[in-house]
Amino acid sequence: MDQAYQLAKQRYATWGIDTDAAILQALNIPVSLHCWQADDNVGFERRAGEVAGGGILATGNHPGRARTGDEMRADLATAMSLIPGITRVNLHSYYAEFAGPAVDRDQLTPAHFEKWMVWAAERKIALDFNASFHAHPLAESGYTLSSADEKVRQFWIRHARAARQIAQAMAIRQGSPCHINFWIPDGAKDLPSDRWSPRTRLAQSYDAIFADESIDSTRCLDFVESKLFGIGSEEYVVGSAEFYTNYALSRKIGLCMDMGHYHPTETIHDKISGHLPFQRKLLLHVSRPLRWDSDHVVIFNDDLRSIFLEVARGQAWDRTVFALDFFDASLNRVAAYVIGTRATRKAALYALLDPTAQLRAAEQAGNHARKLALMDEMKTMPFGAVWDMLCARASVPAGTDWIDKMEQYEQLIVAQRTAPAR
Ligand code: RNT
Ligand code: ZN
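Let me sum up the structure you'll find in this document. (Residues numbered from 1 in each chain as written. Chains lettered and ligands numbered in written order. Predicted model: local features only at pLDDT ≥ 70, side-chain atom pairs only at ≥ 80, totals over all residues. Heavy atoms only, no water.)

1. Section: the site of ligand 1
Link 1 in the chain: Close to ligand 1 lie Trp36, Asn41, Ile56, His92, Trp183, Glu225, Lys227, Asp258, His261, His285, Asp325 and Phe327.
Link 2 in the chain: In this structure, His285 approaches ligand 1 through a side-chain N or O atom, which is 3.2 Å from an oxygen atom.
Link 3 in the chain: Out of a free accessible area of 310 Å², ligand 1 has 100% covered by protein chains.
Link 4 in the chain: Looking at the shell around ligand 1 residue by residue, the class counts come to four nonpolar, four polar and four charged. (Near = heavy atom within 4 Å. Polar contact = N/O pair within 3.5 Å; in protein donor to acceptor, adjacent residues only side chain to side chain. Areas by Shrake-Rupley, 256 points an atom, 1.4 Å probe, with all protein chains shown as cover. Nonpolar A, V, L, I, M, F, W, Y, C, P; charged D, E, K, R; others polar.)

2. A look at the coordination of the zinc ion (ligand 2)
Link 1 in the chain: Ligation of the zinc ion (ligand 2) by protein atoms is provided by Glu225 (OE), Asp258 (OD), His285 (ND1) and Asp325 (OD), these donors lying 2.1 Å from the ion.
Link 2 in the chain: Viewed at the metal, the six donor atoms of the zinc ion (ligand 2) are separated by angles of 70 to 168°, and the geometry they form is octahedral.
Link 3 in the chain: The motif formed by the donor residues of the zinc ion (ligand 2), counted along the single chain, is E-x32-D-x26-H-x39-D. Linking Asp258 in strand S8 (residues 254-258) with Asp325 in the loop between strand S12 (320-324) and helix H10 (333-352), this pair joins segments that are 67 residues apart in sequence. (Donors = N, O, S within 2.8 Å, 3.2 Å for Na, K, Ca; no water. Tetrahedral: all angles 85-135°; square planar, octahedral: opposite > 155°, others 65-115°. Helix = DSSP H or I, 4+ residues; strand = E, 2+ residues; numbered from the N terminus.)

3. Some details on unusual backbone geometry
Link 1 in the chain: Non-glycine residue Ala135 carries a positive phi angle of around 55°.
Link 2 in the chain: By the element assignment, Ala135 lies in the loop between strand S3 (126-132) and helix H5 (150-174).
Link 3 in the chain: With a relative accessible area of 9%, Ala135 lands in the buried category.
Link 4 in the chain: Despite not being glycine, Ser395 shows a phi value in the positive range, around 55°.
Link 5 in the chain: As for its position among the elements, Ser395 is in the loop between helix H13 (383-393) and helix H14 (402-412). (Buried < 20%, exposed > 50% of the residue type's maximum accessible area, 1.4 Å probe, protein only.)

4. What to know about the pattern of salt bridges
Link 1 in the chain: Throughout the structure, instances matching the rule amount to 23 salt bridges.
Link 2 in the chain: A salt bridge links Glu97 to Arg73; the shortest N-O distance between them is 2.8 Å. Separated by 24 residues along the polypeptide, Glu97 in the loop between strand S2 (88-92) and helix H4 (114-122) and Arg73 in helix H3 (residues 69-81) bring together distant segments of the chain.
Link 3 in the chain: Taking the relative accessible area as the measure of exposure, Glu97 reaches 16% and is therefore buried.
Link 4 in the chain: Residue class for Arg73 comes out buried when judged on its relative accessible area of 6%.
Link 5 in the chain: Connected via shared salt-bridge partners are Arg67, Glu71, Asp75 and Arg417. (Salt bridge = Lys/Arg side-chain N within 4 Å of Asp/Glu carboxyl O.)

5. Overview of the environment of Ala160
Link 1 in the chain: Tracing the sequence through the fold places Ala160 in helix H5.
Link 2 in the chain: Overall, the relative accessible area of 0% leaves Ala160 in the buried class.
Link 3 in the chain: Counting along the chain gives 66 residues from Ala160 to Ser226, while the straight-line C-alpha distance between them is 16 Å.
Link 4 in the chain: Here Ala160 is in contact with Phe133, Phe182 and Ile209, once residues within four sequence places are set aside. (Contact = heavy atoms within 4.5 Å.)

6. Regarding helix H1 (residues 2-13)
Link 1 in the chain: In this model H1 runs 16 Å from its N-terminal to its C-terminal C-alpha over 12 residues, within 8% of the 16 Å that 1.5 Å per residue would give.
Link 2 in the chain: Of the positions making up H1, those classed as buried are Tyr5, Ala8 and Tyr12. Within H1, the buried residues cover an arc of 65° as seen down the axis, which keeps them to one side. Opposite the buried face of H1, by more than 90 degrees, sit the exposed residues Gln3, Leu7 and Gln10.
Link 3 in the chain: Structurally, H1 contributes buried residues whose contacts are with helix H2 (19-28) and H13. (Expected span 1.5 Å × (residues − 1). Arc of directions from axis to C-beta.)

7. A few points about the side chain of Asn90
Link 1 in the chain: For Asn90, the location among the structural elements is in strand S2.
Link 2 in the chain: For Asn90, a relative accessible area of 3% corresponds to the buried category.
Link 3 in the chain: Polar contacts involving the side chain of Asn90 include one to the main-chain amide nitrogen of Phe129, which spans 3.4 Å.

Here it is in structure tokens:
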């Protein structure tokens, strides 16, 4: 491996690229590992027959879904042993664990995440958080924070305020900020007669949520996530891209873009330099849209490379947050984590090996052929050798060596989860 790396290092050096520095930097970019791939987005609330709801759906019936916090943490730990550089884990509110009687989402407190916080501290991991507005009886009307039913709307405001307290408690415990994201499923399957009132109410709800003076906004970093359509909200989504762009800008909070939340052929890399001169921070939900589904397992494709290239070329690392958001129930779920998260770290490394200075020089000289040639030739540089070295330096398997380990875990642990726990 070392020989291959030395040759690769020389090849990149001829373009003025320092592979050692790129490996170090790529490993230090925080990527938040989402817990919900492990259990198909079901959560621990134990309502019979529950699925994710709210227009998001994990399809497939591969055996061995994590059913408890302990199973989920075991799966995450195994995935992390095969993924370089993971230092953050992202939770939803419905992964609360109750020592005593269960409480509804508007009554959640940091104590319900004690097990997660202890686990994270032991593993030197920081936690991120999400308020959860889907998969709940009070979301069944299709409206939550934008509901016309004042009782429903107030319930969800209380939930969001509770979620921010939890995020703040996590931030204090881990001694570093916790990113909290707000995505709501609100919308309509077919032509609504009134697109205005839900949006007015949504802004009012968020204003009530963010008015909480007990929250320190340097600890609890808020983001709002837009969507174009969902299953069951094909015509109208209250929290659209335009709504949230303007909301985030006017209220000085973070904006979240999910790679799967735009028109089916639309990509997000071009939007980064459009938002960041104005927005405070961007949270990128790293995902892979495929036709109507926004959440396929991430792979090392052009879309993924392009977002990291944009952040690298704009030197925007400190204002961009990366969080994974994919779920697939049709295959080994630990493998899904490893495939998607290794691909994400690979894309970060790929972007840091970009000959940006040469590309810009060629472009400024009007030599567009040279620029395009160089961009394309970079794809077949000995990137794999640099990636393998990154894995070695992070003490995780290089190349394909992780696949057997993942299969062993599946046979020994996951395949034993036969009896349904609910
Ligand atoms: C849904 C959003 C949201 C969720 C997760 C579970 O379309 O992408 O981010 O996927 O929060
Ligand atoms: Zn998302």
